[in-house]
Amino acid sequence: GARQDQKTFLKHVLLQNVRGRPFSFTIHEKGVRTEETPHPWWKLFLDYGGANDDLRREKHRVLDILRKIFPELLGFDKNIWKPKHRDDLMNQVWEAFEAIGYSFANSIGRFVPAPEERAAFQKLRNQLRSLAEVEERCEKFREEIRREVGDHPVVALYGGGLSIQLVVLAIGWRQWGTGKRGFRQLRSYCGLALSRIDGKGKPRISRVRPGIRQALFFVRLTSRGKEIIMEAAKRRGVPKLTKRTKTMEIVLKDIWRELE
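Rules behind the numbers
- Residues numbered from 1 in each chain as written.
- Predicted model: local features only at pLDDT ≥ 70, side-chain atom pairs only at ≥ 80, totals over all residues.
- Heavy atoms only, no water.
- Buried < 20%, exposed > 50% of the residue type's maximum accessible area, 1.4 Å probe, protein only.
- Helix = DSSP H or I, 4+ residues; strand = E, 2+ residues; numbered from the N terminus.
- Arc of directions from axis to C-beta.
- Contact = heavy atoms within 4.5 Å.
- Phe/Tyr/Trp six-rings, centres within 6.5 Å; stacked < 30°, edge-to-face > 60°.
- Lys NZ or Arg CZ within 6 Å of the ring centre and 35° of its normal.
- pLDDT = per-residue confidence, 0-100.
- Salt bridge = Lys/Arg side-chain N within 4 Å of Asp/Glu carboxyl O.
- Lys, Arg positive; Asp, Glu negative; His and termini not counted.
- Polar contact = N/O pair within 3.5 Å; in protein donor to acceptor, adjacent residues only side chain to side chain.
- Axes fitted to C-alpha atoms, helices over the stretch in contact; angles between N-to-C directions.
- Parallel < 35°, antiparallel > 145°, perpendicular 65-115°, else oblique.
- Left-handed = near helix turned anticlockwise from the far one by under 90°.
- Nonpolar A, V, L, I, M, F, W, Y, C, P; charged D, E, K, R; others polar.

1. Focus: helix 3 (residues 83-91)
Next, step 1: Along helix 3, the residues that are buried comprise His85, Arg86, Asp88 and Leu89. Burial along helix 3 is one-sided: seen end-on, the buried residues are contained in an arc of 160°. Exposed positions of helix 3 whose direction lies more than 90 degrees from the buried face are Pro83, Lys84 and Asn91.
Next, step 2: Residues of helix 3 that are buried sit in contact with helix 2 (40-69) and helix 4 (114-149).
Next, step 3: Positive backbone phi, approximately 55°, marks glutamine 92, located one or two places after helix 3.

2. Section: the packing of aromatic side chains
Next, step 1: This structure, assessed with the given rule, holds 13 aromatic pairs.
Next, step 2: Between the aromatic rings of phenylalanine 70 and phenylalanine 104, the centroid separation amounts to 5.2 Å while the plane-to-plane angle is 65°, which identifies the pairing as edge-to-face. Here phenylalanine 104 lies in the loop between helix 3 and helix 4 and phenylalanine 70 lies in the loop between helix 2 and helix 3, a separation of 34 residues in the sequence. Just as phenylalanine 70 is buried, phenylalanine 104 falls in that class too.
Next, step 3: Considering the side-chain rings of phenylalanine 104 and phenylalanine 121, the 6.4 Å spacing of their centres and the 45° angle between planes classify their relative orientation as tilted. Separated by 17 residues along the polypeptide, phenylalanine 104 in the loop between helix 3 and helix 4 and phenylalanine 121 in helix 4 bring together distant segments of the chain.
Next, step 4: Among the aromatic side chains, those forming a connected cluster through ring pairs are Phe70, Phe76, Trp94, Phe97, Tyr102, Phe104 and Phe121.
Next, step 5: For the cation-ring pair, arginine 174 lies above tyrosine 189, with the distance from its terminal atom to the ring centre recorded as 5.6 Å.

3. Observations concerning the confidence of the model for the protein chain
Next, step 1: Residues of the protein chain with pLDDT of at least 70 account for 84%, and the chain-wide mean is 87.
Next, step 2: Within the protein chain, helix 6 (residues 162-171) carries the highest mean pLDDT (98), whereas strand 1 (residues 26-27) carries the lowest (42).
Next, step 3: For the stretch residues 18-35, pLDDT sits under 50, and the model shows 17 contacts to residues farther than four places along the chain or on other chains.

4. Some words on the pattern of salt bridges
Next, step 1: One pass over the structure, following the stated rule, counts 17 salt bridges.
Next, step 2: With a shortest N-O distance of 3.9 Å, glutamate 136 and lysine 140 are connected by a salt bridge. Remark: lysine 140 and glutamate 136 occur in helix 4; sequence separation between them is four residues, near one turn of the helix.
Next, step 3: Overlapping salt bridges bring together Asp54, Arg57 and Arg137 as one network.

5. As for the side chain of arginine 220
Next, step 1: Mapped onto the fold, arginine 220 is located in the loop between helix 8 (210-219) and helix 9 (223-236).
Next, step 2: No salt bridge is formed by the buried arginine 220. Its closest oppositely charged neighbour is glutamate 249, at 12 Å.
Next, step 3: Polar contacts involving the side chain of arginine 220 include one to the main-chain carbonyl oxygen of phenylalanine 217, which spans 3.1 Å.
Next, step 4: Side-chain polar atoms of arginine 220 contact the side chain of threonine 247, separated by 3.3 Å.
Next, step 5: For arginine 220, the contacting residues outside a window of four places in its chain are Gly225, Lys226, Ile229, Arg244, Thr247, Met248 and Val251.

6. Observations concerning the packing of helix 2 against helix 4
Next, step 1: In contact at an axis separation of 9 Å, helix 2 and helix 4 are set at 160° when each is read in the N-to-C sense. Here helix 2 lies roughly antiparallel to helix 4, going by the angle between them. Every pair of crossing elements has a handedness; the one defined by helix 2 and helix 4 is left-handed.
Next, step 2: Split by residue class, the contact of helix 2 with helix 4 holds 19 nonpolar, three polar and 13 charged.

This is how it looks when you write it as structure tokens:
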């Protein structure tokens with residue numbers, strides 16, 4: 001029956017040496033279990049990630065408004081976020097964009113009914129103010145991150161950028177142990193362990209803590225990151241390593257050794 005099937009499954013799992021993840025909780029006097037308070041560095045990492053997500057959302061909202069009143073401007077790409085052009089959008093100095101080939105007078109957005117256009121103009125101003133507030137919050141978090149880990153030796157080793165600061169913030173507060181077991185624990189924590197199987201039966205990495213992998217993606221592009229990856233390719237006897245996950249893992253191992 002179902003119970004026997006469960007026993008068979010558990011037996012198979014145990015034979016595969018699969019281990020569960022330890023729970024994290026504190027038992028209070030009344031026996032109520034609550035999650036432990038996260039380390040300040042990890043909390044700061046999560047807070048910055050949340051603010052950065054808010055920033056992306058605010059920018060998308062600005063673009064949604066522009067898509068209605070001046071859609072051609074969306075082709076301006078990232079330059080639209082420069083201070084000068086932000087001021088032009090806030091003050092609606094549309095002539096300023098004619099110098100770079102975007103005519104508001106000839107925009108298909110001019111066919112929007114006047115009442116809707118006026119409402120969109122006001123919404124755009126409000127959204128730009130909201131965006132500025134989120135940007136200020138992100139900058140405060142970046143300043144706090146620099147105070148916490150900006151002088152860390154590993155940060156200096158990798159060029160001192162924000163991405164390596166975030167990686168150290170995420171993993172530098174904890175002792176991961178030595179040897180293969182220590183690194184496997186760290187690799188799993190960062191979501192780089194092949195612990196999932198996709199629909200085609202191929203192993204895939206975990207989806208936990210994507211913020212760490214996002215930071216590692218950019219760390220591998222630093223001078224030291226490229227150097228470490230190149231050395232690993234030579235040891236394997238190949239011209240270069242192209243798999244993103246593997247290169248991130250190689251850089252992570254180097255960081256782990258430096259943290260020991």
